[in-house]
Amino acid sequence: MTETHELVKQLADKYGRDRASLMPVLQAVVEKQNYLTEEAMNEIADQFGISAAQVFGTASFYSFLDTEARGKYVIRVCKSIIAEMKGKKAIIKALENVLKISVGQTTPDKKFTLLETNDIGWSDQEPSMLINETPFTNLTPEKVINIINEYSSK
Amino acid sequence: MNSNNLKKTDVIFGIWPCMEDNKYPILEAVINRNPDDIIKDIINSGLKGRGGAGFPTGLKWKFAASQTESEKYIICNADEGEPGTFKDREILLKVPEKIFAGMAICSHCIKAKKGFVYLRGEYKFMLPQLNKVLESFHESIRKTGYDFEIKILLGSGAYVCGEETSLMESMEGKRGEPRNKPPFPVVEGFNNKPTVINNVETFVNVAMIQKLGVAEFVKLGTDDSRGSKVFSVSGDTPKPGVFELELGMKLSDFVAEYGDGDTKAVQVGGASGFCVPRKRFEDTIIGFEGVPTGGSMMLFNSTRSMYNVLSNYLDFFAEESCGQCTPCRVGCQQLIQGIKAVKKGSKNEDYLDSLLKLTESMKITAKCGLGQSVANSFYSIVTNFKEEMIY
Ligand SMILES: Cc1cc2nc3c(=O)[nH]c(=O)nc-3n(C[C@H](O)[C@H](O)[C@H](O)COP(=O)(O)O)c2cc1C
Ligand code: SF4
């Protein structure tokens, strides 16, 4: 039995196999495996007794339930108008430089994915970003480089 | 700076904690009262929902209470996705026990045994702390023998899931596509059972009405806008942050306090709200009798391009549109292309009038509030800052 099969089974045991448990299970798989592989979605469909298309249909609706390959740390930079006014552009540039990738890409070592996202709820402290679930606010290019260095050595 | 007319209040974050020695005295008092009397309190308080739409909370509860189904639910809407809004974040971080107390009061009124907090995925970092408070909440109500349980569920990054029926679809494990209304959630909500859904701040207000008494509560605000409101202040301001103010203030008083001396426009109510230009600050009232708001106040000074502001909002709507209905799905794209074309000069300025007509028809034909409210910022920015759209 594969690792994914075991994981999905464990999660279904924990959260349940009714449709209302689908989101928590999808969220937990993303937390463990960074994104939803085809294998994981098929396993979930099996466990829930629904079609893989239904699982994909739900997952593809939500921007945090990635169905494309993602790195261990997903960086989501806020792109609201306030973030833009407070220097989001320079933050993206600093991240692109230090990670050597562009927005939308993943580093070759699969450690970081760089994305932009809509308002994350920190307009009083822009620019801001999430790294997985952790928010970072009042960013400056220097601060961003330090944060990435810290995550790189994790 | 004249800020004398602005009344700062401290109902939501301050004035008596809800929880004392791990106990909830107001809850004990409330569950011994007749539910109908409490609903009457909420109606008499004039409280209107704090999530944006402003539906009278007491009436919503009365409808839900009158449903005869035995299974009912309560949902706290903590999806807070409106650009420029972050006041629920502070409420969730600072006074979560008041939210849970408000939900328990609601459960007593409508006879529900289960409640949910739908927390936006972006706020997942709060989960450990919230669950800790929730645990002690459960412990203390169990001691009173009262049967009510709350569960916190997470969203996954979709603005439209803040719309109440979309949120329920999401809770049911489906795509977060809004439903047709009616039936309204008070009749058929989560799992098709009668459901009360309220904003985070609305539940806190309910708890505080029980704590303060209706007479104290109605002293705050105006006839149409009772109570205080928690505002999210951002943009060109020396004081960004969360502030609790009495409703019914003049926008000019607000700008005198929070502006940077060069405020050219305030976007009231987020991307789905209205843009008010400087010449209207004096005669604009913030409240249900004037410009209503879920609390987002974005300030722009004269260095900002209102074209960029509108363009950012439209990109937001286009991305967050669930795509279920054509007016919204296609309309958002056409608006983006349209203002670009006018700015580039490939369409003349009359084209803006056709775009305004398009937003008017979106307002009428779109299925949910997302598509319907694109017209608000589009109309108020395009008509007040027309030259910035063209040159
Ligand atoms: C696109 C859209 C997004 C919404 N987002 C939220 C939200 O994040 N939080 C919220 O409380 N209400 C939101 N609402 C309003 C809800 O549908 C609903 O009216 C509200 O939760 C009711 O609570 P209230 O009466 O206490 O305001 C949204 C509405 C729409 C159309
Ligand atoms: S108005 Fe937009 S978000 Fe609402 S149902 Fe239609 S397509 Fe979806």
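As a starting point, this report considers the structure included with it.

What counts and how
- Residues numbered from 1 in each chain as written.
- Chains lettered and ligands numbered in written order.
- Predicted model: local features only at pLDDT ≥ 70, side-chain atom pairs only at ≥ 80, totals over all residues.
- Heavy atoms only, no water.
- Pairing = 2+ DSSP bridges.
- Helix = DSSP H or I, 4+ residues; strand = E, 2+ residues; numbered from the N terminus.
- Axes fitted to C-alpha atoms, helices over the stretch in contact; angles between N-to-C directions.
- Contact = heavy atoms within 4.5 Å.
- Near = heavy atom within 4 Å.
- Polar contact = N/O pair within 3.5 Å; in protein donor to acceptor, adjacent residues only side chain to side chain.
- Areas by Shrake-Rupley, 256 points an atom, 1.4 Å probe, with all protein chains shown as cover.
- Buried < 20%, exposed > 50% of the residue type's maximum accessible area, 1.4 Å probe, protein only.
- Arc of directions from axis to C-beta.
- Salt bridge = Lys/Arg side-chain N within 4 Å of Asp/Glu carboxyl O.
- Buried area = accessible area lost by both parts, 1.4 Å probe.
- Nonpolar A, V, L, I, M, F, W, Y, C, P; charged D, E, K, R; others polar.
- Phe/Tyr/Trp six-rings, centres within 6.5 Å; stacked < 30°, edge-to-face > 60°.

### Brief notes about the sheet that holds strand β4 (residues 134-136) of chain A
Residues and elements named next belong to chain A. Spatial ordering of the open sheet is given by β2-β1-β3-β4, a layout of four strands whose pairing is mixed. Looking along the sheet, the strands with just one partner apiece sit at the ends: β2 (112-117) and β4. Taken over all neighbouring pairs, the strand axes of this sheet differ in orientation by 25° on average, direction set aside. Of the strands in this sheet, β1 (73-78), β2, β3 (129-131) and β4 touch helix α7 (residues 141-152), which is tilted by about 10° from β3.

### Looking at the pairing of strand β6 (residues 241-246) of chain B
In terms of strand pairing, strand β5 (residues 228-235) of chain B meets β6 of chain B through six bridges, oriented antiparallel. Within the sheet, the bridge partner assigned to Ser228 of chain B lies in β6 of chain B and is Glu246 of chain B.

### Observations regarding the site of ligand 1
Residue and element names in this part refer to chain B. If you check the shell around ligand 1, you find 18 residues, and the closest are Gly51, Glu80, Asn198, Asn199 and Thr202. One nitrogen or oxygen atom from the main chain of Glu80 is found 2.9 Å from an oxygen atom belonging to ligand 1. At 2.8 Å from an oxygen atom of ligand 1 is found a side-chain nitrogen or oxygen belonging to Asn198. In the complex, 89% of the free accessible area of ligand 1, which totals 610 Å², lies under the protein chains. Elements supplying a minimum of two residues to the shell around ligand 1: β4 (195-199) and α14 (369-384). A per-element tally of the shell around ligand 1 places β4 first, with three residues.

### Side note on helix α3 (residues 57-66) of chain B
Residue and element names in this part refer to chain B. Where α3 is concerned, the buried positions are Thr57, Gly58, Lys60, Trp61 and Ala64. Seen from one end, α3 has its buried residues packed into an arc of 160°, which puts them on one side. Buried residues along α3 sit in contact with α2 (35-45), α5 (96-110), α7 (164-171), β4 and α8 (200-212).

### Notes on the pattern of salt bridges
Per the counting criterion, the structure on display carries 36 salt bridges over all chains. One salt bridge connects Asp66 of chain A with Arg70 of chain A, and the closest N-O pair in it is separated by 3.1 Å. The exposure classification of Asp66 of chain A matches that of Arg70 of chain A, with both residues buried. For Glu163 of chain B, the salt bridge identified is with Lys181 of chain B, shortest N-O distance 3.2 Å. With Glu163 of chain B in the loop between β3 (149-154) and α7 and Lys181 of chain B in the loop between α7 and β4, this residue pair connects regions lying 18 residues apart in the sequence. Relative accessible area serves as the criterion here: at 16%, Glu163 of chain B is assigned to the buried category. A single network of salt bridges, built from pairs that share partners, joins Arg50, Lys87, Asp88, Glu201 and Lys229 of chain B.

### Some points on the environment of Leu356 of chain B
Residues and elements named next belong to chain B. Among the secondary structure elements, Leu356 is positioned in helix α13 (residues 351-365). Distance from Leu356 to Trp61, taken between C-alpha atoms, is 38 Å for residues 295 residues apart in sequence. Leaving out residues up to four positions away in the same chain, Leu356 has contacts with Phe378, Tyr379, Val382 and Thr383.

### Some words on the interface of chain A and chain B
Chain A puts 32 residues into the contact, and the matching count from chain B is 46 residues. Here chain A packs against chain B, burying approximately 3000 Å² in sum over the two surfaces, 55% of which is carbon and sulfur. Contact with chain B buries surface across chain A, with Phe61, Ile81 and Met85 of chain A losing the most and accounting together for 21% of the total. There are four salt bridges connecting chain A and chain B. Note that Glu31 of chain A is salt-bridged to Lys124 of chain B, the shortest N-O span being 2.6 Å. The interface formed by chain A and chain B contains 26 residue pairs in polar contact (both at pLDDT 80 or more). Every element with two or more residues in the side of chain A that touches chain B is listed here: α2 (22-33), α4 (52-59) and α5 (81-85) of chain A. In the side of chain A that touches chain B, the residues fall into 14 nonpolar, ten polar and eight charged.

### Observations regarding the packing of aromatic side chains
Residues and elements named next belong to chain A. Enumeration according to the criterion identifies 17 aromatic pairs over all chains in this entry. When the centroid spacing of 5.7 Å and the interplanar angle of 40° are considered together, the rings of Tyr73 and Phe112 count as tilted. Remark: Phe112 occurs in strand β2 and Tyr73 occurs in strand β1; sequence separation between them is 39 residues. Residue classification places Tyr73 among the buried residues on the basis of a relative accessible area of 9%. Since its relative accessible area comes to 4%, Phe112 is described here as buried. A centroid spacing of 6.1 Å and a plane angle of 75° characterise the contact between Phe136 and Tyr151, whose relative ring orientation is edge-to-face. Highlighted residues: Phe136 in strand β4 and Tyr151 in helix α7, separated in sequence by 15 residues. The exposure class of Phe136 is buried, given its relative accessible area of 19%. Residue classification places Tyr151 among the buried positions, given a relative accessible area of 8%. Members of the aromatic cluster, joined through ring pairs, are Tyr73, Phe112, Phe136 and Tyr151.

Function-wise, these values are silent; they only describe arrangement.
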